[in-house]
Amino acid sequence: YDEMPKTTDSNGTVDFSIPSNSLFTVRMNKENYAEHRLVGRAGSSDFRYVSFTASRATSQQAFGSAGVTLDSNRGILVVGVDEIVSRAPFLQLEPMIGASVNLDSDHGQAITIGGGFPHADATIEEGEQGFVAFPNVATGPVDISVQPPEDKSCELDPGGGDQPDITSDADTVTVVTFVCQ
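A brief report on the enclosed structure follows.

Procedures and definitions
Residues numbered from 1 in each chain as written. Predicted model: local features only at pLDDT ≥ 70, side-chain atom pairs only at ≥ 80, totals over all residues. Heavy atoms only, no water. Helix = DSSP H or I, 4+ residues; strand = E, 2+ residues; numbered from the N terminus. Rg over C-alpha atoms; globule rule 2.2 N^0.38 Å. Buried < 20%, exposed > 50% of the residue type's maximum accessible area, 1.4 Å probe, protein only. Salt bridge = Lys/Arg side-chain N within 4 Å of Asp/Glu carboxyl O. 1 Å grid on protein atoms, 1.4 Å probe; cavity = no way out; pocket = protein on both sides within 12 Å on 5 of 7 lines; lining within 4 Å. Points joined across faces, edges and corners; volume = space filled by probe spheres on them. Nonpolar A, V, L, I, M, F, W, Y, C, P; charged D, E, K, R; others polar. Polar contact = N/O pair within 3.5 Å; in protein donor to acceptor, adjacent residues only side chain to side chain. Contact = heavy atoms within 4.5 Å. Pairing = 2+ DSSP bridges.

What follows covers the overall build of the protein chain. When helices and strands are counted, the protein chain shows one helix and 13 strands. In sequence order, the secondary structure elements of the protein chain are arranged as β-β-α-β-β-β-β-β-β-β-β-β-β-β. Over its C-alpha trace the protein chain gives a radius of gyration of 16 Å, about what one expects of a compact globule, namely 16 Å for 181 residues. Dimensions of the protein chain, computed from the C-alpha atoms along their principal axes, are close to 40 × 40 × 30 Å. Expressed as a percentage of its 181 residues, the buried residues of the protein chain come to 41%.

As structure tokens, then:
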């Protein structure tokens, strides 16, 4: 397992190897950005993990427009929830409309993004992006609960299996993704 720091290319991508069926945490750092961590479990197949980062100013603006003031002594947890709509010729995902996300830790008002604007909600609605963001998550362990619509089931992405230990840390954005079908 290669734990050496890597730098993204001009397209913002980076390649590295993760042993099959192992837990991973990828840390992304950049000046004027809170540390971003991608947390998950690798499966037995190669995968591409697509994520985004937001500067502190952009995060303050997005949450601020939803009436939330970020506390740098707490973390942000972003939970992606997408539906698999096709596997061929490549995996195609869309937001899992109707999925709700809950945390077992103290946090601020959850938001979703739709039409370019944040909405105070922990359920992904039609026209919204496939994630729920939780600001001001108390530091320490966090358990995530995803409730899909009645006829769907969700699992950790990309490798499935049990949820890894998730920790909220001050001034850190932690990203965890699930897929549903």
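There's plenty left to go through after this.
If you walk through the whole model with that rule in mind, you get five salt bridges. For the salt bridge of Arg74 with Asp106, the shortest nitrogen-to-oxygen distance reads 3.0 Å. Of this pair, Arg74 sits in the loop between α1 (56-64) and β3 (75-86) while Asp106 sits in the loop between β5 (100-103) and β6 (111-114), placing them 32 residues apart in sequence. Judged by its relative accessible area of 48%, Asp106 is partly exposed. A salt bridge links Glu83 to Lys152, with the nearest nitrogen and oxygen atoms 2.6 Å apart.

So, about the layout of surface pockets. In this model, the largest pocket occupies a volume close to 1,400 Å³. What lines the largest pocket is a set of 41 residues, and nearest its centre among them are Val14, Phe16, Val26, Met28 and Leu38. When residues of the lining of the largest pocket are traced back to their parent elements, those giving at least two are β1 (23-28) and β2 (35-41). Broken down by element, the residue count for the lining of the largest pocket peaks at five residues, all from β1. Counted by class, the lining of the largest pocket contains 18 nonpolar, 15 polar and eight charged residues. Counted as a void, the second largest pocket has a volume near 780 Å³. What lines the second largest pocket is a set of 31 residues, among which Arg48, Leu91, Leu93, Asp157 and Val179 lie closest to the centre.

This part takes up the side chain of Thr112. Mapped onto the fold, Thr112 is located in strand β6. Residue classification places Thr112 among the buried residues on the basis of a relative accessible area of 0%. Polar side-chain contacts of Thr112 include one of 3.0 Å to the side chain of Glu128. Ignoring anything within four residues of it in the chain, the contact list for Thr112 reads Phe117, Pro118, His119, Asp121, Thr123, Ile124, Glu128, Phe131 and Val132.

Once that is clear, we can look at unusual backbone geometry. Residue Pro158 follows Asp157 across a cis peptide bond; omega there is 10 degrees. Phi at Asn136 takes a positive value of approximately 55 degrees, unusual for a residue other than glycine. Relative to the assigned elements, Asn136 resides in strand β8 (residues 131-137). Positive phi values are uncommon outside glycine, yet Asp171 reaches one of about 55 degrees.

This next bit is on the environment of Thr177. Within the secondary structure layout, Thr177 lies in strand β13 (residues 172-180). Spatially, the C-alpha atoms of Thr177 and Gly80 are 4.3 Å apart, while their sequence positions differ by 97 residues. Beyond its immediate sequence surroundings of up to four residues, Thr177 is in contact with Tyr49, Gly80, Glu155, Leu156 and Asp157.

Turning to the pairing of β3, a few remarks are in order. A large share of β3 lies buried, amounting to nine of its twelve residues. As judged from the five bridges shared by β3 and β8, these two strands associate in the antiparallel manner. For Val79, the partnering residue across the bridge sits in β8 and is Val132. Linking β3 back to strand β4 (residues 92-95) in an antiparallel pair, the connection comprises five residues.

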